[in-house]
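As a plain string of letters, each chain reads:
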Amino acid sequence: MSEIKVVTNILQTNDEITAKNKEILDEKGIYVVNLMSSPGSGKTSILEKVIAKLKDDIKIAVIEGDIYTTKDAERIEAQGIPVVQINTGGACHLDGDMIKNSLNSLNLDEVNLLVIENVGNLVCPAEFEIGEDIKVCVLSTTEGNDKPLKYPLMFEKSGAVILNKVDLMPFTNFNREEFYSDINSLNANAITFETSCIKDEGIAELCAWLIDKVFEKRKSKNSTYKINF
Ligand SMILES: Nc1nc2c(ncn2[C@@H]2O[C@H](COP(=O)(O)OP(=O)(O)OP(=O)(O)O)[C@@H](O)[C@H]2O)c(=O)[nH]1
Ligand SMILES: [Mg+2]
């Protein structure tokens, strides 16, 4: 019983902090993506591709969540956009408090799209709201098409699901039909993309969808921000 109580309290506190984060981000008209997947599915690689394509059109900032190291933040910094690294020091997911501290390090007046790359983990990150407009989850073909049913929460909660490393599909037993059927049964409303970061496939479609979302947010919040299109 006490265990359940502790978890409930953590989630309540997180919800309160997250609501405040969201208020700030909404007021600024910033579209926020919570990017999640198991370790190594290609979150940072997809981000690198998206940033390279969109950074001249919209103002992008990234918050990188990792247990240790600044490796991913260094990759994003090399793209010449603002990035903040959170080291969770062991925790398997990001939470509202960590995001709150990171927002203080960003000039939010200079951001249209904020991507938060969560800690590589197919379970815990899906349980915590961190102020996002949308959860986006990545699965790579090498992980197996059974993962959505085995780890359903992340797929159920994501507004978009990216199937990455499609260049490797011929070398795996990944069953595309089963994958889409399972995604459909878990979350019929999710939009899906297929990408290969190595071959630069599917990135343009993903970027076009993201740009629409950034525009929608800006309009709905009546933000006075300028987007450089
Ligand atoms: N063949 C192939 N390899 C890819 C693709 N995308 C990423 N990779 C490789 O997969 C490995 C992991 O990619 P990352 O982008 O670091 O994955 P991540 O999800 O950010 O990993 P964590 O942050 O550690 O959870 C790297 O060696 C990438 O080069 C792809 O589309 N095709
Ligand atoms: Mg990464």
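Everything below is about the structure shown above.
All of the points below concern the structure found in this document. (Residues numbered from 1 in each chain as written. Chains lettered and ligands numbered in written order. Predicted model: local features only at pLDDT ≥ 70, side-chain atom pairs only at ≥ 80, totals over all residues. Heavy atoms only, no water.)

## Side note on the environment of Lys 219
Consideration 1: Tracing the chain through its elements places Lys 219 in helix 8 (residues 203–220).
Consideration 2: Of the residues examined, Lys 219 reaches a relative accessible area of 65% and is grouped as exposed.
Consideration 3: For the pair Lys 219 and Asp 200, spaced 19 residues apart in the sequence, the C-alpha separation amounts to 30 Å. (Helix = DSSP H or I, 4+ residues; strand = E, 2+ residues; numbered from the N terminus. Buried < 20%, exposed > 50% of the residue type's maximum accessible area, 1.4 Å probe, protein only.)

## Topic: the side chain of Glu 143
Consideration 1: Counting through the fold element by element, Glu 143 comes out in the loop between strand 5 (134–140) and helix 5 (147–150).
Consideration 2: One buried charged residue, Glu 143, forms no salt bridge at all, with the nearest opposite charge on Lys 165 at 6.5 Å.
Consideration 3: Of note is the side chain of Glu 143, whose polar atom sits 2.6 Å from the side chain of Ser 140. (Lys, Arg positive; Asp, Glu negative; His and termini not counted. Salt bridge = Lys/Arg side-chain N within 4 Å of Asp/Glu carboxyl O. Polar contact = N/O pair within 3.5 Å; in protein donor to acceptor, adjacent residues only side chain to side chain.)

## Quick look at the coordination of the magnesium ion (ligand 2)
Ideal donor angles around a metal are set by the shape: a four-donor tetrahedron calls for 109.5 degrees, a six-donor octahedron for 90 or 180 degrees.
Consideration 1: Here the magnesium ion (ligand 2) is held by the protein donor atoms Thr 44 (OG1), Asp 72 (OD) and Glu 117 (OE), which lie 2.1 to 2.2 Å from it.
Consideration 2: Positions of the donor residues of the magnesium ion (ligand 2) along the chain correspond to the pattern T-x27-D-x44-E. Here the residue Thr 44 occupies a position in helix 2 (residues 43–54), and Asp 72 occupies one in helix 3 (residues 71–77), the gap between them amounting to 28 residues. (Donors = N, O, S within 2.8 Å, 3.2 Å for Na, K, Ca; no water.)

## Some points on helix 2
Owing to its 3.6 residues per turn, the α-helix aligns residues three or four sequence positions apart on the same side.
Consideration 1: The first and last C-alpha atoms of helix 2 sit 16 Å apart over 12 residues, in line with the 16 Å expected at 1.5 Å per residue.
Consideration 2: Taken together, the buried positions of helix 2 are Lys 43, Thr 44, Ile 46, Leu 47, Val 50, Ile 51 and Leu 54. Projected down its long axis, helix 2 carries its buried residues within an arc of 155°, all on one side. (Expected span 1.5 Å × (residues − 1). Arc of directions from axis to C-beta.)

## Some details on the site of ligand 1
Consideration 1: Looking at ligand 1, there are 19 residues lining it, with Lys 43, Thr 44, Ser 45, Asp 167 and Cys 197 nearest.
Consideration 2: A distance of 2.6 Å separates an oxygen atom of ligand 1 from a polar atom in the side chain of Ser 45.
Consideration 3: For ligand 1, an oxygen atom lies 2.9 Å from a polar atom in the side chain of Arg 75.
Consideration 4: Protein coverage of the free-state accessible area of ligand 1, which is 650 Å², stands at 73%. (Near = heavy atom within 4 Å. Areas by Shrake-Rupley, 256 points an atom, 1.4 Å probe, with all protein chains shown as cover.)

## Side note on the side chain of Gln 85
Consideration 1: Mapping Gln 85 onto the fold places it in strand 3 (residues 83–87).
Consideration 2: Reaching out from Gln 85, the side chain makes a polar contact with the side chain of Asp 66 at a distance of 3.4 Å.
Consideration 3: A polar contact of 3.4 Å, which involves the side chain of Gln 85, links it to the backbone nitrogen of Ala 73.
Consideration 4: Every residue in contact with Gln 85, bar those within four places of it in the chain, is listed here: Glu 64, Gly 65, Asp 66, Thr 69, Thr 70, Lys 71, Asp 72 and Ala 73. (Contact = heavy atoms within 4.5 Å.)

## Looking at the nonpolar core
Consideration 1: Grouped together as the largest cluster of nonpolar side chains are 29 residues, with contacts concentrated most on Val 33, Val 50, Leu 113, Val 136 and Trp 209.
Consideration 2: When contributions to this core are tallied by element, the ones reaching two or more residues are strand 1 (31–37), helix 2, strand 2 (60–66), strand 4 (113–117), strand 5, strand 6 (160–164) and helix 8.
Consideration 3: The biggest single contributor to this core is helix 8, with seven residues. (Core = buried A, V, L, I, M, F, W, Y, C linked by side-chain atoms within 4.5 Å.)

## Here we look at the pattern of salt bridges
For side chains of opposite charge, pairing can occur when their charged atoms come near one another.
Consideration 1: One pass over the full model with this rule turns up 14 salt bridges.
Consideration 2: Residues Asp 133 and Lys 22 are paired through a salt bridge, measuring 3.3 Å at the closest nitrogen-oxygen approach. Here Lys 22 lies in helix 1 (residues 2–27) and Asp 133 lies in the loop between strand 4 and strand 5, a separation of 111 residues in the sequence.
Consideration 3: The partly exposed category is assigned to Lys 22, whose relative accessible area is 25%.
Consideration 4: Measuring nitrogen to oxygen at the nearest pair gives 2.9 Å for the salt bridge that ties Asp 133 to Lys 217. Here the residue Asp 133 occupies a position in the loop between strand 4 and strand 5, and Lys 217 occupies one in helix 8, the gap between them amounting to 84 residues.
Consideration 5: Through salt bridges with shared partners, one network takes in Lys 22, Asp 26, Asp 133 and Lys 217.

## A few points about the pairing of strand 2
Consideration 1: With seven of its seven residues buried, strand 2 lies for the most part within the structure.
Consideration 2: Residues of strand 2 alternate between two faces, with Ile 60, Val 62, Glu 64 and Asp 66 on one and Ala 61, Ile 63 and Gly 65 on the opposite face, all of them buried.
Consideration 3: Note that strand 2 and strand 4 share five bridges and pair parallel. From the neighbouring strand, Val 62 faces strand 4, where its bridge partner is Val 115.
Consideration 4: The pairing of strand 2 with strand 3 spans five bridges and is classified as parallel. In the strand pairing of strand 3, Ile 63 is matched with Val 84.
Consideration 5: For the segment spanning strand 2, helix 3 and strand 3, crossover handedness is right-handed. (Pairing = 2+ DSSP bridges. Right-handed = clockwise from strand over helix to strand, strands pointing away.)

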